[in-house]
Amino acid sequence: MPDPALYLWILTLAAFGLFGRRVYRYVKVLLAARADKRWDHIGQRLRLVLVNVLGQRRLLEEPVAGAAHFLIFWAFVFYASSFFWNLVCGLFPFLPIPSADQVGWVRAALAVFGVLGLAALAVAAVRRYFFAPPRLEKSKDATIILVLIAVVLISALVGLWYRTSAPEVSRAMWWVHMVTVLGFLAYLPYSKHMHLLASPFGVFFGSLQPGSVPAASEGAASRDEFTWRQLLSGLACAECGRCDRACPAFNSGFALSPKMLMHHMKLLVRGDVPSGPSDGDGNGFIGDVVKPEEIWACTSCLACMTRCPVMNEHVPVLVEMRRHLVGRGDMDKSLQEALKNLTRYGNSFGTAPRARPKWTQQLQFSVKDARKEPVHFLWFVGDYASYDPRVAAATCAAARVFRKAGLDFGILYEGEYNSGNDVRLAGEEGLFETLRDKNLASFAKAHFDEVVTTDPHSFHVLKHEYPATNGARSVRHHTQLLSDLILSGELPLRKKLGMTVTYHDPCYLGRYNAIFNAPRRVMAALGLNLVEMPQNRTYAYCCGAGGGRIWMEDPPVIKERPALTRVREAASLKGVHTLVVVCPKDLVMFQDAIKTIGLEDKLEVKELSELVEQAMG
Amino acid sequence: MTGNVWVVAEQWRGHLSEITYETLALGREVADGLGVPLTAVLAGCGIKELAQTLGCADSVLYVDHPLLAEPIPELCAEALAQLIEARKPSVLLVPLTNVSLGVGTLVATRLGSSAVNFCKDIKIVDAKLQLICVMYGGKIEAAVEPAGDLAIVGVWPGARPADKGRSERSPSIEEATVTLEDSRVRLKRYIDPEAGDVDLTKLDVLVAVGRGIQSRDNIALAEELAKALGGAVAGSRPVIDQGWLPLSRQVGKSGLAVKPKLYVALGISGAPEHIEGMKDAKLIVAVNSDARAPIFNVAHYGIVGDVLETLPALTEAIEARKTASHHA
Amino acid sequence: MHILVLLKMVPDVVEDLEIAPDGKALDLEYLRMILSESDDHALEQALLLKERHSGKVTVLALDAPEVDDALFTAVAKGADRVVKVVGMDAGLTTRQAASVFAQVIRRETGLMPADLVLTGVQAIDDLDGLIAPLVAHELGLPYLGIVTRVSFDAPGQLVQAIKEYPGGVRGEFEVKLPAVLGMQAAEKPPRYVPVAKVRTAMKSQKIDCTPVPTLADGGWLSIEVVEMRRNEPAGHAEMLEGDPDQVSGKLCGILAERGLF
């Protein structure tokens, strides 16, 4: 009878061969894609792997599924290790090492992990088939995997059970176990379980600044125009649906599903869908597989990427595709109009630059011109805060607050241009550079020590994407400045406002910059009784204006626009009649939403500065 | 200025346009001011009976030619030029409408005389013409003096009320001949617009939106106001070009001319091309965030403010009033 | 096929227009120039025809502030050659501009022969004439204005054009080539070209400069602007003051008085 090792060799070579061949093809695709250097800050990256892969942190945000997956993961890790041990012993029987099940503590660990693993599998299966959360992809793949892992665990456990009492049964179970795992290995790169291999690399090579926009490019429509990390997202995706569950566009009924986007990226890598722009006959990636409506629906709120356990890069992929569409001039007329206005007038409203500082006429004092005299704080006001009459009250309140606090501040008057953040997210990289350079030229001519802004979108891009602005010591959002002043006792508050309020964490302070406590400290100092929104901090639900969407037309929406959902959430809180915001776009979106639904009697929107002013007396 | 004042009577598809009478009214004043006769010039084919309505003028010069059946600018200009060379008027008033655009320029360049566009009013100062012209989309007014023996003036719609140019009087009609060659421009046919769901020209109340409405979604707000007032929504050209309203709702020089009892202009700047379509509305109310918007020149009541704030407030006020009067 | 497009820069009315101290012209200090809107449509129509029938688009413009940006944008959109006439005084009237265009077209190699000369139907500062018929007359070409659709059955002798009439009526015309058309609107709105592409055009393409011909006595008589003033609509409308609710109340009263609802 031929040596069983021979059969094992044949099976092993076949499995590794199939596995290797497929993985090699993927690697070739990734190597042919655009470069993206991700070898920096190795220490930080290893820590990400520790926390997210070994620690499974993001998965544990959904506790039941997370706990089950944690156990399955570690069971798998342990079983995979013992499998290789067994494989070596089986392939090289002459080696003087014990096999895995000959070592006492290994047997014990196998038993424990096996049982826990099976329990976790059962929980996972029940969740998947009876209590599936929305957007969980119920694919055949998933079922196959559950069955395979179960077989792997059960065969090991049965083998252990009969190790001494029925060695032939144990031996048979050994073969079942090995063949199943080898089969799984061969099957892995053809299924969504490629994520087992791809996701640890995805996490290691994940973005250390998830809120950053990809390096300037002409956009992507073909497979090799995306970066290798963007393509890897497709392979790393396990189709869990957390991104969809978090996405405000998806939940409002827009065409975009971040999960399907990743799925399409996976198909693109595999070569299962065409690459390149649409040829008009259904043979393109952009236009046919991924529709322009999906690409334009994103608000860049970052909820998907914040929730994704494998650190996939949905927003950069969309930005690359938007760059391609912009390059072709393929966008709706409203966005085109806004971009034309931004190019020519530096604001999306199409209003003369000279009108930017007109809001200051509503003040009883004059605001310093930082171009003409030195100031300590340069206040970057932002488009909406300057031009939109609905925001003027809040802008003026902020001015009065700064003045009462004794701050030496000034603005750039007509020298300020749109900061360019949303222009970038809309895919017009060249226009962003133009706006940035115009602002930098203004900064160079002005005299200031620090920058403060009342606009989170501007804050984000000034802090991260503008080179050291005139050597300014810091860029702060006004909530940070107010919070710092409160901590140092320099903000003269006279009254306590006993109102019960709720607070909306803006995307660009919250998810993008982890600024949660500063606004809350300010609200506490004002004596406000804060009732948190059910979806708060990194779970805050976007108002829908970001990513340039405020400049675009909405399609006839099936469900409800994000801002409407959000104000309903606020209005549902008992005793709450005020929704506090710290972003001009939030102010506008929520005011409109309240009017649309007719909630004016139940809820009003207030910018934090207006409340600070009240408390200053 | 010793020659006559001539007014081009604009004929199109068998009718004389309203602007003919407006321009006649203006021409009457100019002729009287200069102390010279007023002549209406009617060019066409087989439309002599239309000349009867031009009694505001002292005489009508009628030119009949098959090539003048349709108003082709080059042919109209050639005919006018020949008449002018023979009879030497001192002033030629040409309407600025889609039908006649280009005629004034072609006559002027053919004869080497001075031409002035955008005229909305004419004053006589020291026996000379002073033309008040509206430029830059209505934002600038210029007082212009033409030079030479012949002034060719392009006149905006609405320079004078059309009624002032109508007369019961039968004018004397003189027939003249011109020599015309085939033009290299040939009209094959007219394409009439498809009927929309509403006929704006038949409604008493119109709520019109311009660029200031800012987005397609906000048109719903205008529709609510229109409903409250029992009217329909119309739009200026930019709104139709954006695709926010169909062509049947366009008011202006290439769209409809409407004369409703009430015309509410929301976020419409008031460029002459739009004014042409609604200047004869009985009551015009305009809302615009720019205090200097030319629309306030033609409106009876004006509100300087944010359209998106004023519009819903207005709808609310009207609904409240209607409910109150129902319960009263 | 060769299409020649004539572009003119006009004052940008988005900015507040101020009057010069002499009271007869616009104050140039705060003035920004922008491509005349219907000229932009003329360019777009030319590019659409080029895409349909393959051929060349040449753009001719008179020097003015910000014209370079308009010309490079035209290149980025697909124009093959851009030419600028330099060396003239500021403040040419439309008739003078048309004369310059016509003389340059006749003198400069490569501008003619063209199948079509496209330009905007009317600019906001066309006080003494329209470019399209003036150029047509000087070049001895047929002219049609207020055009919104241009098509060739087979590029050659004739072009089909749609002209706008009042009331939504359109006229279908046939014009012998070569011809001058005054475009009201292109079949599609002027395309968007990203800033990056315009920058690339600035690096890769040159604007051909040609000196202005001596403005001979054009044989016409000029007009004189005696006074220019901002249109202050102070007289006509009765202005209603107050916040949205207050003005709404007042207006409501007025409408009710007139029995309008």
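Residues numbered from 1 in each chain as written. Chains lettered and ligands numbered in written order. Predicted model: local features only at pLDDT ≥ 70, side-chain atom pairs only at ≥ 80, totals over all residues.

Another point: the overall build of chain B. On a plain count of helices and strands, chain B comes out with 7 helices and 17 strands. Relative to the 2.2 N^0.38 estimate, which gives 20 Å for 328 residues, the radius of gyration of chain B is 22 Å and therefore close to what a compact globule would have. Taking the principal axes of its C-alpha atoms as reference, chain B extends roughly 70 × 45 × 35 Å. With 328 residues in all, chain B has 59% of them scored as buried. The long-range share in chain B, meaning contacts at least 24 apart out of those at least 6 apart in sequence, stands at 65%. (Helix = DSSP H or I, 4+ residues; strand = E, 2+ residues; numbered from the N terminus. Rg over C-alpha atoms; globule rule 2.2 N^0.38 Å. Buried ≥ 20, exposed ≤ 12 C-beta atoms within 10 Å, placed from the backbone. Contact = placed C-beta atoms within 7 Å.)

We now examine the environment of C:Val117. Residues and elements named next belong to chain C. As for its placement among the helices and strands, Val117 is situated in strand β6 (residues 116–120). Overall, Val117 belongs to the buried group, with 31 C-beta atoms counted inside 10 Å. Residues in contact with Val117, not counting those within four places in the same chain, are Leu4, Leu6, Val135, Leu141 and Val180.

Hydrogen bonds between backbone atoms are what pair the strands of a sheet, whose relative direction is either parallel or antiparallel. With parallel pairing, the 6 strands of this open sheet are ordered in space as β14(B)-β13(B)-β15(B)-β16(B)-β17(B)-β13(C). Looking along the sheet, the strands with just one partner apiece sit at the ends: β14 (232–235) of chain B together with β13 (238–239) of chain C. Two strands pair when backbone bridges link them, and strand β13 (residues 205–209) of chain B and strand β15 (residues 262–266) of chain B are joined in this way by 5 bridges, in the parallel orientation. Its bridge partner being in β15(B), B:Leu206 is matched across the sheet by B:Tyr263. (Pairing = 2+ DSSP bridges.)

With that settled, the discussion passes to the interface of chain A and chain B. With 6 residues of chain A at the interface, the matching set in chain B holds 6 residues. When the residues that make up the side of chain A that touches chain B are grouped by side-chain class, the tally is 1 nonpolar, 1 polar and 4 charged. (Nonpolar A, V, L, I, M, F, W, Y, C, P; charged D, E, K, R; others polar.)

Quick look at the packing of helix α8 (residues 228–236) of chain A against helix α11 (residues 258–270) of chain A now. All names here are of chain A. Two elements in contact, α8 and α11, have axes separated by 7 Å at closest approach and are oriented at 105 degrees. Regarding the angle of α8 to α11, the classification is roughly perpendicular. Of α11, the residues touching α8 (which contributes Leu231, Ser233, Gly234 and Leu235) are Met262, Met265, Lys266, Leu268 and Val269. The class makeup of the residues in the contact of α8 with α11 is 6 nonpolar, 2 polar and 1 charged. (Axes fitted to C-alpha atoms, helices over the stretch in contact; angles between N-to-C directions. Parallel < 35°, antiparallel > 145°, perpendicular 65-115°, else oblique.)

It is worth spelling out the sheet that holds strand β8 (residues 158–164) of chain C at this point. Pairing in this open sheet of 10 strands is mixed, and the strands run β12(B)-β9(C)-β8(C)-β7(C)-β10(C)-β6(C)-β1(C)-β4(C)-β5(C)-β11(C) from one edge to the other. The two strands at the open ends of the sheet, each matched to only one other strand, are β12 (185–191) of chain B together with β11 (208–211) of chain C. Neighbouring strand axes in the sheet, compared pairwise and without regard to direction, differ in orientation by 35 degrees on average. The pairing of strand β7 (residues 143–151) of chain C with strand β10 (residues 179–183) of chain C spans 4 bridges and is parallel. Residue pairing in the sheet places C:Gly145 in a bridge with C:Gly182 of β10(C). Along the sheet face, helix α3 (residues 94–107) of chain C touches β1 (2–7), β4 (56–62), β5 (81–86) and β11 of chain C and points at about 135 degrees away from the line of β4(C).

All names here are of chain A. Domain parsing of chain A yields domain 1 (4–32 + 63–190), domain 2 (204–327), domain 3 (340–487) and domain 4 (500–616). Of all the secondary-structure elements, those providing two or more residues to the side of domain 3 that touches domain 4 are α16 (383–387), α17 (389–404), α18 (421–425), α20 (456–464) and α21 (478–487). Of the residues contributing to the side of domain 3 that touches domain 4, the split by class is 14 nonpolar, 9 polar and 6 charged. (Domains from an automatic or database assignment.)

What follows deals with the interface of chain B and chain C. On the side of chain C, 66 residues touch chain B, which itself brings 84 residues to the contact. Per element, the largest residue contribution to the side of chain B that touches chain C is 9 residues, and it comes from helix α7 (residues 307–327) of chain B. Of the residues in the side of chain B that touches chain C, the class split is 42 nonpolar, 24 polar and 18 charged. Relative to β13(C), strand β17 (residues 301–304) of chain B runs parallel, the two sharing 2 bridges. Bridge pairing links B:Gly302 to C:Met239 in β13(C).

Residue and element names in this part refer to chain B. Once the domains are mapped, chain B shows domain 1 (5–176) and domain 2 (200–327). Domain 1 and domain 2 are separated by 32 Å when their C-alpha centres are compared. Contacts between the two partners involve 9 residues from domain 1, matched on the other side by 10 residues from domain 2.

Residues and elements named next belong to chain A. Here helix α22 (residues 517–525) has its buried residues at Ala518, Pro519, Val522 and Met523. Projected onto a plane normal to the axis of α22, the buried residues spread over an arc of 135 degrees and lie on a single side. Immediately beyond the C-terminal end of α22, within one or two residues, lies Gly527, with a positive phi of roughly 80 degrees. (Arc of directions from axis to C-beta.)

Within the largest apolar cluster, 317 residues are counted, with the highest numbers of intra-cluster contacts made by A:Phe590, B:Val41, B:Val153, C:Val5, C:Val59, C:Val135 and C:Leu181. The element that contributes the greatest number of residues to this core is α17(A), accounting for 8 residues. In this structure, B:Val41 is in contact with B:Trp6, B:Val7, B:Val8, B:Ala9, B:Leu61, B:Leu80 and B:Leu83, ignoring residues within four places of it in sequence. B:Val205, B:Leu206, B:Val251 and B:Ile275 belong to the second-largest nonpolar core, a separate cluster that totals 57 residues. (Core = buried A, V, L, I, M, F, W, Y, C linked by C-beta atoms within 7 Å.)

Where burial is concerned, most of strand β16 (residues 283–288) of chain B is hidden: 5 out of the 6 residues are buried. Once the chain exits β15(B) it traverses helix α6 (residues 272–278) of chain B before rejoining the sheet at β16(B), and the crossover so formed is right-handed. (Right-handed = clockwise from strand over helix to strand, strands pointing away.)

Attention shifts here to the packing of helix α5 (residues 140–161) of chain A against helix α6 (residues 167–187) of chain A. All names here are of chain A. At a closest axis distance of 8 Å, the pairing of α5 and α6 adopts a crossing angle of 155 degrees. Viewed along their axes, α5 and α6 adopt a mutual orientation that is roughly antiparallel. As for the relative orientation of α5 and α6, their crossing is left-handed in sense. In this structure, α5 uses Leu148, Val151, Val152, Ser155, Ala156, Val158 and Gly159 to contact α6, whose residues at the interface are Ser170, Met173, Trp174, Val176, His177, Thr180, Val181 and Phe184. For the contact of α5 with α6, a count of residues per class yields 10 nonpolar, 5 polar and no charged. (Left-handed = near helix turned anticlockwise from the far one by under 90°.)

Cis geometry is found at the peptide bond from C:Met112 to C:Pro113, where omega equals 5 degrees. Here C:Pro113 lies in the loop between α3 and β6. A cis amide bond links C:Leu177 to the next residue, C:Pro178, at an omega of -5 degrees. With respect to the helices and strands, the residue C:Pro178 is situated in the loop between β9 (170–176) and β10. A positive phi angle, near 75 degrees, is found at A:Leu302, a position not held by glycine. Positionally, A:Leu302 belongs in the loop between α12 (292–296) and α13 (303–307). The exposure class of A:Leu302 is buried, given the 23 C-beta atoms found within 10 Å.

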